[in-house]
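A look at the structure
Each chain, written out:
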Amino acid sequence: MSLPTILVVGSLNTDLVTNTSRVPDAGETIQANSFATFNGGKGANQAVACARLSRLKTPQGIITAPSAYVRMVGCVGNDDFGASLKSSLESDGIDVGGVQVLDNVATGVAVILVESSGENRILITAGANGLCKPSPSYFSPAPALLVLQLEVPLDTVLDLLKLASEASPPVPTLLNPAPAVELPDDAYKSISHLVVNETEAAILGGEPVRIGSDTQMVEDCQRASQKFVSNGVKSSIIITLGAKGAFWYDARSGENALVPSEKVKVVDTTAAGDTFIGAFAVKIVNGYDVAEAVAYAIRASAKTVTKQGAQSSIPWRDEFS
Ligand SMILES: Nc1ncnc2c1ncn2[C@@H]1O[C@H](COP(=O)(O)OP(=O)(O)OP(=O)(O)O)[C@@H](O)[C@H]1O
Ligand SMILES: *[C@@H]1O[C@H](CO)[C@@H](O)[C@H](O)[C@H]1NC(C)=O
């Protein structure tokens, strides 16, 4: 039996988080309260979501019954952070053969200062992520889906979209344009599935999606989706709306719906979007339609918001019903 492959090309970061009562002034040195490192990067987070949402983990810690093969392609530096990121992805069942270790550059990091008030200050250094290059070799063997975000150079993402859509047969693509920038018009025709939140929808499309009544949101989402379809998006547009749920639009039939989120006790919404994308991707490569894939993604991301943390809060397939 051969499993469908999801290829994620994107960022791998180490998050360095310091908790402090207040941030120091210029020239000042103060004692902070605690420090911890976490694995991150939208690329790596989405690869983890694809792997866990297509697998079970037994109480003995054995990973089994995969419904997708997940390959991660990206760049880390030749340092401890890079080695640790790779081995952590591997322990979730991800093929990291395509994660290059580059000399003379550091692994990407996010330095995060969290004040007791909850205020965050974040500095991201792209490091090796900034040197991630496209290659046609990523498509042999051909994946069932290529998943991309924008934490690697935009040119790399645009080149990969083009390579995927010009492959024969074409490789279906999913773009999560985060952090959002305007895309060149001709990029859209190489996108099969576009997954955005309301902020990204507005930056890309210039069509605001206002969080309000359901009727209001549906109208705004329909207008934004129609714009993306007229730009060339081929299969589906998904607009995630946080606690309001998610809107989907089938580019071929025009069918669309707003799916409410699950009512859960919210602990930390970090990685909700990445979980949603992984869950959606796993269903799409297994032949489910957009409505079914969104329904699964809604349930998976609801589970993520009930737990603290980023990668650590992404559930395995059997952790929710
Ligand atoms: N408070 C919540 N309760 C239940 N589900 C939620 C909640 N917040 C988010 N979700 C689920 O997660 C999905 C993605 O969340 P959201 O739209 O906030 O993505 P995002 O902005 O990309 O998130 P992030 O960048 O924080 O990961 C939503 O469509 C919803 O299904
Ligand atoms: C949407 O995602 C972006 C990351 O691209 C994030 O900065 C922004 O806060 C998100 N918007 C909402 C409303 O969650």
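Residues numbered from 1 in each chain as written. Chains lettered and ligands numbered in written order. Predicted model: local features only at pLDDT ≥ 70, side-chain atom pairs only at ≥ 80, totals over all residues. Heavy atoms only, no water.

Some remarks on the environment of Asp155
- Mapping Asp155 onto the fold places it in helix H3 (residues 154-166).
- Residue classification places Asp155 among the exposed residues on the basis of a relative accessible area of 55%.
- Each C-alpha atom, one on Asp155 and one on Cys132, is 9.9 Å from the other, the two residues being 23 residues apart in sequence. (Helix = DSSP H or I, 4+ residues; strand = E, 2+ residues; numbered from the N terminus. Buried < 20%, exposed > 50% of the residue type's maximum accessible area, 1.4 Å probe, protein only.)

Section: the pairing of strand S7 (residues 95-102)
- Sheet topology places strand S6 (residues 69-77) next to S7; six bridges connect them, and they run parallel. Following the sheet pairing, Arg71 is matched in S7 by Asp95. (Pairing = 2+ DSSP bridges.)

Observations regarding the state of the cysteines
- By the definition in use, this model includes zero disulfides.
- We note that Cys75 lacks a disulfide partner, and the nearest cysteine sulfur, in Cys132, lies 4.5 Å from it. (Disulfide = S-S within 2.5 Å.)

Re the UniProt feature "binding site: substrate" (unreviewed entry) in the protein
- Under the present numbering, the feature "binding site: substrate" (unreviewed entry) in UniProt falls on Asn13, Thr14, Asp15, Gly41, Lys42, Gly43, Ala44, Asn45, Glu151 and Asp274.
- On the accessibility criterion, Thr14 (3% relative accessible area) is buried.
- Aside from chain neighbours lying at most four places away, what touches Thr14 is Thr37, Phe38, Phe81, Leu85, Thr107, Gly108, Val109 and Ala110.
- Checked against the element boundaries, Asp15 lands in strand S2 (residues 13-20).
- By relative accessible area, Asp15 is classed as buried at 16%.
- Residue contacts for Asp15: discarding those within four places in its chain leaves Ala36, Thr37, Phe38, Gly40, Ala110 and Ile112. (UniProt positions renumbered as here; feature names shortened; annotations may be inferred. Contact = heavy atoms within 4.5 Å.)

Side note on the UniProt feature "active site" (unreviewed entry) in the protein
- Taking the UniProt record as the reference, the feature "active site" (unreviewed entry) is found at Asp274.
- Following the sequence through the fold, Asp274 ends up in helix H6 (residues 272-285).
- The buried category is assigned to Asp274, whose relative accessible area is 6%.
- Excluding anything up to four places from it in sequence, Asp274 contacts Lys42, Asn45, Gln46 and Ala49.

Some thoughts on the site of ligand 1
- Not every one of the 19 residues close to ligand 1 is listed here, only the nearest: Asn197, Thr240, Gly242, Gly245 and Gly273.
- One of the backbone nitrogen or oxygen atoms of Ala272 is found 3.4 Å away from an oxygen atom of ligand 1.
- Across the complex, the protein chains shield 83% of the 630 Å² of accessible surface that ligand 1 would expose by itself.
- Elements with a minimum of two residues in the shell around ligand 1: H6 and helix H7 (290-304).
- Here the element with the most residues in the shell around ligand 1 is H6; it accounts for three residues.
- Broken down by class, the residue content of the shell around ligand 1 amounts to ten nonpolar, eight polar and one charged. (Near = heavy atom within 4 Å. Polar contact = N/O pair within 3.5 Å; in protein donor to acceptor, adjacent residues only side chain to side chain. Areas by Shrake-Rupley, 256 points an atom, 1.4 Å probe, with all protein chains shown as cover. Nonpolar A, V, L, I, M, F, W, Y, C, P; charged D, E, K, R; others polar.)

Thoughts on the sheet that holds strand S14 (residues 246-250)
- Spatially, the nine strands line up as an open sheet ordered S7-S6-S1-S10-S11-S12-S13-S14-S15, and their pairing is mixed. Both outer strands of the open sheet, S7 and strand S15 (256-259), are each paired with one neighbouring strand and no more. Recorded for the sheet is a direction-independent mean angle of 15° between the axes of neighbouring strands.
- Where strand S1 (residues 5-9) meets S6, five bridges bridge the pair, whose relative direction is parallel. Note that in S6 the partner of Val9 across the bridge is Val73.
- Helix H2 (residues 80-91) rests against S6 and S7 of the sheet, and its axis sits at about 175° to S7.
- Helix H4 (residues 198-205) rests against strand S12 (193-197) and strand S13 (236-240) of the sheet, and its axis sits at about 115° to S12. (Axes fitted to C-alpha atoms, helices over the stretch in contact; angles between N-to-C directions.)

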